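One-letter residues, chain by chain:
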Amino acid sequence: MASVTLKHIEKIYPAQDKPDGKQNLRISEEGVHAVEDFNLEIKDQEFIVLVGPSGCGKSTTLRMIAGLESISRGDLYIDGTLMNNVPPKERDISMVFQNYALYPHMTVQENMEFPLKLRKTPKEEIRRRVQEAAEMLEIKDLLKRKPGALSGGQRQRVAIGRAIVRHPKVLLMDEPLSNLDAKLRNQMRAEIIQLRKQLKTTFIYVTHDQTEAMTLGDRIVIMKDGVIQQIGTPEEVYDHPTNLFVAGFIGVPKMNFFKGTLLKTGTEYKVEIEDVIFPLPKDACKTLVSSGTLVQDVIIGVRPENILLMQTESLTQSGSTAKAQPLPTQPANAGLRALPGTADVSELMGATVQLHFTACDGDRTAVIPALQWESMQLQPGQPLAFSFRGSDIHLFSETSGKSLLREPEKV
Ligand SMILES: Nc1ncnc2c1ncn2[C@@H]1O[C@H](COP(=O)(O)OP(=O)(O)OP(=O)(O)O)[C@@H](O)[C@H]1O
Ligand SMILES: [Mg+2]
């Protein structure tokens, strides 16, 4: 059993160590607020991923959990016990670092034995645990080698091995895969998923890579400038991003954002983008009615895979009432309102094609099935029409950037 609870955790660095200004961290008389009011209840054996851009406070949070960094304010509990002032080695936590941090003069075996020897584990037990971890990570053949004679991927495996031999209650990983090339990273990601199934441990994993976050996490914590933006399952943060930052950060390629106006007639809401009206579905209208949302300028978000491309022949002037022929592989689009655009380059990604195009004063991206692309083959510079379903619209306040379609948080 190892639950981890963070209650109003803060990290304030002295102001003279002010960061270089790339981040918008809050600065008060107390200093630089690198982590602000961090609240999270991690369940036993849960896999939590902290994700966000460089400098947002991920490592600082992890290091406070490990005890490598003091906690300026708030309470940290492991299995219900207050840990703020417990030294790192008594927290029953292991950490894997980005740069592996192996002892270069020790063999792989000695590196892995080290944490157990420190704890005066009986010899036989050490042997058994190192064998078990080496088998799990498929590094049995490397036990006699020194780190200098290993590849990056092998070193990272040894570092993970050294972290798990103690059977820690909590396993912390700080960007463990970011020094590996793309192929190896994918492979190791799959192995971490396997490892997770075998170890009965709580994982807290830090990355700036949203793909890693989405594939590994039971829940994801998205951070920016020391502040949690959203906590949720991968599906939740993908389908219901709470603000423009999360919407833009999660998902590859990035969500398209259009400027528009939210209109209201009775209990029905619509959005208008460049004179084209898109009605919003019933459930969205219900949310907007219940939150008393007023007519206002908005940002409309549409994921690239939700962009529907249409043939342009039947597009009437200014594109407002296109009666496009549905393409063979596409759901019926007839009658959908469409906006005009101009094709740019396309990239074949395998089963899908990424089309870059220009529309509504900006660069846009659509992801469409390769089969559908075959019947279109838009050349750069060619006109196109595009649309999207009302149910695929994400709606944000232009002023606050907050989602207008999320039910207000229940307190
Ligand atoms: N010892 C320190 N003194 C002052 N500021 C610090 C100190 N350590 C970190 N910071 C600042 O705290 C902020 C958070 O840093 P942190 O290392 O947690 O970011 P991160 O999210 O892990 O970023 P990265 O993805 O680059 O590793 C940064 O602005 C950093 O400059
Ligand atoms: Mg970091």
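Residues numbered from 1 in each chain as written. Chains lettered and ligands numbered in written order. Predicted model: local features only at pLDDT ≥ 70, side-chain atom pairs only at ≥ 80, totals over all residues.

## Examining the nonpolar core
Here is step 1 of the chain: Ile-48, Val-49, Leu-50, Leu-172, Ile-204, Tyr-205 and Phe-386 are the most contacted members of the largest nonpolar core, which has 99 residues in total.
Here is step 2 of the chain: Those residues in contact with Phe-386, other than ones at most four positions away along the chain, are Ile-307, Leu-308, Leu-309, Met-310, Ala-338, Leu-339, Gly-341, Ala-359 and Ala-366. (Core = buried A, V, L, I, M, F, W, Y, C linked by C-beta atoms within 7 Å. Buried ≥ 20, exposed ≤ 12 C-beta atoms within 10 Å, placed from the backbone. Contact = placed C-beta atoms within 7 Å.)

## Quick word on the packing of helix H2 (residues 108-118) against helix H3 (residues 123-136)
Here is step 1 of the chain: Axis separation between H2 and H3 bottoms out at 10 Å; the angle between their running directions is 130°. Taken together, the axes of H2 and H3 lie oblique to each other. Crossing of H2 over H3 shows right-handed handedness. Between H2 and H3, the contacting residues are Gln-109, Met-112, Glu-113, Leu-116 and Lys-117 on the first element and Ile-126, Arg-129, Val-130 and Ala-133 on the second.
Here is step 2 of the chain: Tallied by class, the residues present in the contact of H2 with H3 amount to five nonpolar, one polar and three charged. (Axes fitted to C-alpha atoms, helices over the stretch in contact; angles between N-to-C directions. Helix = DSSP H or I, 4+ residues; strand = E, 2+ residues; numbered from the N terminus. Parallel < 35°, antiparallel > 145°, perpendicular 65-115°, else oblique. Left-handed = near helix turned anticlockwise from the far one by under 90°. Nonpolar A, V, L, I, M, F, W, Y, C, P; charged D, E, K, R; others polar.)

## Observations regarding the sheet that holds strand E18 (residues 352-359)
Here is step 1 of the chain: Spatial ordering of the open sheet is given by E16-E20-E17-E18-E19, a layout of five strands whose pairing is antiparallel. Edge strands, defined here as strands with exactly one partner in the open sheet, are strand E16 (308-310) and strand E19 (362-369). Neighbour-to-neighbour, the strand axes of this sheet turn through a mean angle of 45°, independent of strand direction.
Here is step 2 of the chain: Sheet topology note: the E16/strand E20 (residues 383-387) ladder contains three bridges and is antiparallel. Counted as the bridge partner of Leu-308 is Ser-387 from E20. (Pairing = 2+ DSSP bridges.)

## Regarding the environment of Glu-41
Here is step 1 of the chain: Relative to the helices and strands, Glu-41 resides in strand E3 (residues 31-42).
Here is step 2 of the chain: Taking the C-alpha atoms as reference, Glu-41 lies 33 Å from Lys-117; in sequence the two are 76 residues apart.

## Describing the domain arrangement of the protein
Here is step 1 of the chain: Here the domain parsing of the protein yields domain 1 (4-245), domain 2 (254-302 + 393-397) and domain 3 (342-387).
Here is step 2 of the chain: Computed from C-alpha atoms alone, the centre-to-centre distance between domain 2 and domain 3 is 25 Å. (Domains from an automatic or database assignment.)

## Brief notes about the environment of Phe-97
Here is step 1 of the chain: By the secondary structure assignment, Phe-97 is in the loop between strand E7 (93-96) and H2.
Here is step 2 of the chain: For Phe-97, a count of 16 C-beta atoms within 10 Å corresponds to the partly exposed category.

## As for helix H4 (residues 152-164)
Here is step 1 of the chain: For H4, with 13 residues, the first-to-last C-alpha span of 19 Å sits near the 18 Å given by 1.5 Å per residue.
Here is step 2 of the chain: Judged by how many residues are buried, H4 sits mostly within the fold: eleven of 13 residues are covered.
Here is step 3 of the chain: Burial in H4 covers these residues: Gln-154, Arg-155, Gln-156, Arg-157, Val-158, Ala-159, Ile-160, Gly-161, Arg-162, Ala-163 and Ile-164.
Here is step 4 of the chain: Check the buried side of H4 and you find it contacts E7, H2, H3, strand E8 (170-174) and helix H5 (182-198). (Expected span 1.5 Å × (residues − 1).)

## What to know about the sheet that holds strand E11 (residues 227-232)
Here is step 1 of the chain: In spatial order, the strands read E7-E8-E9-E4-E10-E11; together these six strands make up an open sheet with mixed pairing. The two strands at the open ends of the sheet, each matched to only one other strand, are E7 and E11. Mean inter-strand twist for the sheet, computed between neighbouring axes without regard to direction, equals 15°.
Here is step 2 of the chain: Of the strand pairs in this sheet, strand E4 (residues 47-51) and strand E9 (residues 202-207) are connected by five bridges, and their pairing is parallel. Bridge pairing in E9 links Val-51 to Thr-207.

## Examining the pairing of strand E13 (residues 268-273)
Within a regular strand, the side chains alternate between the two sheet faces.
Here is step 1 of the chain: Here strand E12 (residues 256-265) runs beside E13; their pairing, made up of five bridges, is antiparallel. Each bridged residue has a counterpart across the sheet, and for Lys-264 the counterpart in E13 is Tyr-269.
Here is step 2 of the chain: Here E12 hands over to E13 after two residues, with Gly-266 in that stretch at a positive phi of 60°.
Here is step 3 of the chain: In this structure, E13 lies alongside strand E14 (residues 276-279), joined through four bridges in antiparallel fashion. The partner of Glu-272 across the bridge, within E14, is Ile-277.
Here is step 4 of the chain: Here E13 folds back onto E14 in antiparallel fashion, the turn holding two residues, of which Glu-274 has a positive phi close to 45°.

## Section: unusual backbone geometry
Here is step 1 of the chain: Note that the residue after Val-252, namely Pro-253, is joined by a cis bond; omega there is -10°.
Here is step 2 of the chain: For Pro-253, the location among the structural elements is in the loop between helix H8 (244-249) and E12.
Here is step 3 of the chain: Residue Tyr-100 is not a glycine yet carries a positive backbone phi of 70°.
Here is step 4 of the chain: You can see Tyr-100 is positioned in the loop between E7 and H2.
Here is step 5 of the chain: Classification of Tyr-100 as buried rests on a count of 20 C-beta atoms within 10 Å.
Here is step 6 of the chain: Positive phi outside glycine occurs at Glu-175, with the angle close to 45°.
Here is step 7 of the chain: Among the structural elements, Glu-175 can be located in the loop between E8 and H5.
Here is step 8 of the chain: When the 19 C-beta atoms within 10 Å are taken as the criterion, Glu-175 is described as partly exposed.

## Quick notes on the pairing of E9
Here is step 1 of the chain: Of all six residues in E9, six are buried, a share of seventy percent or more.
Here is step 2 of the chain: By the alternation rule, side chains of E9 split into Thr-202, Ile-204 and Val-206 and Phe-203, Tyr-205 and Thr-207, which are all buried.
Here is step 3 of the chain: Summarising the sheet, E8 and E9 pair through five bridges and their orientation is parallel. Looking across to E9, one finds that Met-173 is bridged to Tyr-205.
Here is step 4 of the chain: Viewed along the sheet, the connection from E8 through H5 into E9 turns out right-handed. (Right-handed = clockwise from strand over helix to strand, strands pointing away.)

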